[in-house]
Amino acid sequence: MFALILAAHAASDPYCNEAMATGLIPPLPSAELVQVHVLIRHGSRVVSDAKNCLDRWEGSGEASYNCTATLLEGASAPAFPASGLPGGSVLYRKTYAEGRNAVPGNCATGALVESGLEMQRANGRHLRQAYDAILPVSPAGDNASAFLLRSDDCPRTLASGQELVASLFPSLGGAPLVVPWLTEDSAGEETITCSSEKVCPAFPPAAKAAQQAYEASAHFASVSVPLAAELSDALNRTVSAAGIGGLLDCLMSVSCPTVPSSGGRPPPSFTPALQQRVVDETAHAMYAVYNDSAVSRLGAGPLIGEILMGMEKAAGLASAAGGAAPAFVLLSGHDTGPMAPVLAALRIGGGAFGWAFPHFADLIAIELYRTSATSPTSPASKGFISYYAVRVVHDSDVVTEGVPGCPAGQQLCPFEAFHAAAAALTPSPQECGRPDSPAWWPVPHGVNP
């Protein structure tokens, strides 16, 4: 009976994304859509830290997972030239040997599962319907410049993003296509993760200070500490107040109906109500750190600056000259980067918009529009050739008004107001404690390098 209650509770939890509705886009405003930046979290996956879940409760390490989603791989160039796949090429279906992995079953740690791929297929279908006017019929050939497709170098984020893009083009046939995909290794200049010490050396101490401030807060004393005591009793294990978040991966990986697993279920004493308090507290703790002004600027700031530079280019600002701007930008990553950091930095996650933890296949769309109106604040001063506006959507909800400086109750925010908020979040290399100024570093229009 408890297993049925647990399953029903998990099925109703938006985190699991059983509805596969994160990519639904509300009707577009009556303006010309110019560009959209789409940020996603990967789809549903198995436990990402098996070692962390070995002894969370009695039998927690016995969870076994079944992965039917597999990836096709092949040799690198010259066997696969940019012109396409030659006749006689061989592709390999990558599978994990049963019972020989860190996670019981046939899955790699953190592996994307079939429902995770389906979530991204659904996202792709929803995005095609919403943004058909700016999407060409194919992502390859002469149309390649219309896209900027990027993820961190992780199998589940690569596959999630690529499945979404593939579903944007359901009618493609004929020979396989080779489409450019950008990534950076974890030791390099990776801004999607929003937490790289390589990108911003000043970020780790800022995050540590924010975490310490949270642990000294009234909420931590009145909510986190008592909850930890209740969890310790329920699980017959010691759970620290700062360690409550460590339960989330273990819990959702065995309780979400979108993750195929067996065994490892929590005990009846870990009731659905107590589970929901864990989810809520984990989200609250996450945003308490990411909402910190220094963490927002030094973590999400470089990525937000890159997004802003792309929007400037689409708006025709002189500082972004040099080639056409892509109409569709996809950034595929994780809950902890880019999703929660960007939600927090733009003030569209937490606070008035709730403390929801980023769901499986969570999606943010930042849309740039050209309107027929003229700018009310001297567009020539910033080089705008016409008036632009921005709309921000998160998991099917329009959240534009949460961005600092954007008008309350309005779908569209004047680009100048959005630009000011995003530029204020973009740090300089020197603020990040870097001795250099990389050529890729974003310098928004009107900001002195």
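For clarity, every value in this text was computed on a predicted model and none was experimentally measured.

Thresholds, definitions, all that
- Residues numbered from 1 in each chain as written.
- Predicted model: local features only at pLDDT ≥ 70, side-chain atom pairs only at ≥ 80, totals over all residues.
- Heavy atoms only, no water.
- Helix = DSSP H or I, 4+ residues; strand = E, 2+ residues; numbered from the N terminus.
- Buried < 20%, exposed > 50% of the residue type's maximum accessible area, 1.4 Å probe, protein only.
- Contact = heavy atoms within 4.5 Å.
- Areas by Shrake-Rupley, 256 points an atom, 1.4 Å probe, with all protein chains shown as cover.
- Pairing = 2+ DSSP bridges.
- Salt bridge = Lys/Arg side-chain N within 4 Å of Asp/Glu carboxyl O.
- Disulfide = S-S within 2.5 Å.
- Core = buried A, V, L, I, M, F, W, Y, C linked by side-chain atoms within 4.5 Å.
- Axes fitted to C-alpha atoms, helices over the stretch in contact; angles between N-to-C directions.
- Parallel < 35°, antiparallel > 145°, perpendicular 65-115°, else oblique.
- Left-handed = near helix turned anticlockwise from the far one by under 90°.
- Nonpolar A, V, L, I, M, F, W, Y, C, P; charged D, E, K, R; others polar.

Caption draft 1: A look at the overall build of the protein. Along the backbone of the protein there are 10 helices and 12 strands. Looking at the protein as a whole, 52% of its 449 residues are labelled buried. Of the contacts made within the protein by residues no fewer than 6 positions apart, 77% connect residues no fewer than 24 positions apart. Carbon together with sulfur atoms contributes 57% to the accessible area of the protein, which is approximately 18900 Å² in total.

Caption draft 2: Quick look at the pairing of strand 8 (residues 328-333). The buried fraction of strand 8 amounts to 6 of the 6 residues, a majority that puts the element mostly inside the structure. Residues F328, L330 and S332 point to one face of strand 8 and V329, L331 and G333 to the other, with burial holding for every one of them. Pairing geometry for strand 1 (residues 32-41) and strand 8, over 6 bridges, is parallel. Looking at the pairing, V38 lines up with L330 of strand 8. Examined bridge by bridge, strand 5 (residues 147-152) and strand 8 share 5 bridges and lie parallel to one another. When the sheet's bridge partners are listed, L149 is paired in strand 8 with L330.

Caption draft 3: Geometry of the pattern of salt bridges. The full count for this structure, using the stated rule, is 17 salt bridges. With a closest N to O distance of 2.8 Å, R128 and D132 form a salt bridge. For D132, a relative accessible area of 44% puts it in the partly exposed group. Notably, a salt bridge pairs R277 with E230, separated by 2.9 Å at the nearest N-O pair. Taken together, the residues R277 in helix 7 (residues 272-290) and E230 in helix 5 (residues 218-235) connect sequence positions 47 residues apart. On the accessibility criterion, E230 (36% relative accessible area) is partly exposed. One salt-bridge network, in which partners are shared between bridges, spans E114, E118, R121, R125 and E163.

Caption draft 4: Examining unusual backbone geometry more closely. Between G337 and the following residue, P338, the backbone shows a cis peptide bond with an omega angle of 15°. Turning to its location among the elements, P338 is positioned in the loop between strand 8 and helix 9 (339-345). Despite not being glycine, N17 has its phi angle at roughly 55°, a positive value. With respect to the helices and strands, N17 occurs in the loop between helix 1 (2-12) and strand 1. Among the residues examined, N17 registers a relative accessible area of 6% and is labelled buried. Its identity is not glycine, yet N236 carries a phi of approximately 55°, on the positive side. Residue placement: N236 occurs in the loop between helix 5 and helix 6 (246-255).

Caption draft 5: Summary view of the state of the cysteines. The tally for this structure, following the rule as stated, stands at 5 disulfides. Between C406 and C413 runs a disulfide, and the two sulfur atoms are separated by 2.1 Å. Between C406 and C413, the disulfide has an S-S torsion of -80° and is therefore left-handed. No difference in accessibility class separates C406 from C413, as the two residues are buried. Once the disulfide-bonded cysteines of the protein are ranked by sequence position, their pairing pattern turns out to be 1-7, 2-6, 3-4, 5-10, 8-9.

Caption draft 6: Structural context of the pairing of strand 5. Within strand 5, 5 of the 6 residues are buried, which leaves it mostly tucked inside the rest of the structure. Two strands pair when backbone bridges link them, and strand 5 and strand 6 (residues 182-184) are joined in this way by 3 bridges, in the parallel orientation. Residue pairing across strands places D152 opposite E184, the latter belonging to strand 6.

Caption draft 7: The arrangement of the environment of G61 in detail. Following the sequence through the fold, G61 ends up in the loop between strand 1 and strand 2 (64-65). Remark: the alpha-carbon pair of G61 and P104, spanning 43 residues in sequence, is separated by 8.6 Å. Apart from the residues lying within four places of it in its own chain, the contact partners of G61 are C53, L54 and P104.

Caption draft 8: Expanded view of the nonpolar core. Membership of the largest hydrophobic core comes to 97 residues, with the highest contact counts inside it found for Y65, L231, I366, V392, F415 and F418. Looking at which element gives the most residues to this core, the answer is helix 8 (residues 293-315), with 10 residues. For V392, the residues in contact, after removing those within four places along its chain, are I348, I364, A365, I366, D397, V398, V399, T400, V403 and F418. Counting 24 residues, the second largest nonpolar core, distinct from the first, contains L127, V165, L168 and F169.

Caption draft 9: How the structure looks around the side chain of T258. Take T258: it is sitting in the loop between helix 6 and strand 7 (261-262). According to the relative accessible area criterion, T258 is buried, its value standing at 4%. Setting aside chain neighbours within four positions, we find T258 in contact with C16, N17, E18, S44, V113, S115, M119 and F360.

Caption draft 10: Up close: the environment of G124. Mapping G124 onto the fold places it in helix 2 (residues 114-131). The sequence separation of G124 and F169 amounts to 45 residues, and the corresponding C-alpha distance is 8.5 Å. The residues contacting G124, other than those within four sequence positions of it, are L164, S167 and L168.

Caption draft 11: Examining the packing of helix 2 against helix 3 (residues 155-167) more closely. With their axes 7 Å apart at the nearest point, helix 2 and helix 3 run at an angle of 40° to one another. The angle between helix 2 and helix 3 places the two elements in the oblique class. Crossing of helix 2 against helix 3: the hand is right-handed. Across the interface between the two elements, L117, Q120, R121, N123, G124, R125 and L127 from helix 2 touch A159, S160, E163, L164 and S167 from helix 3. Its residues placed into classes, the contact of helix 2 with helix 3 shows 4 nonpolar, 5 polar and 3 charged.

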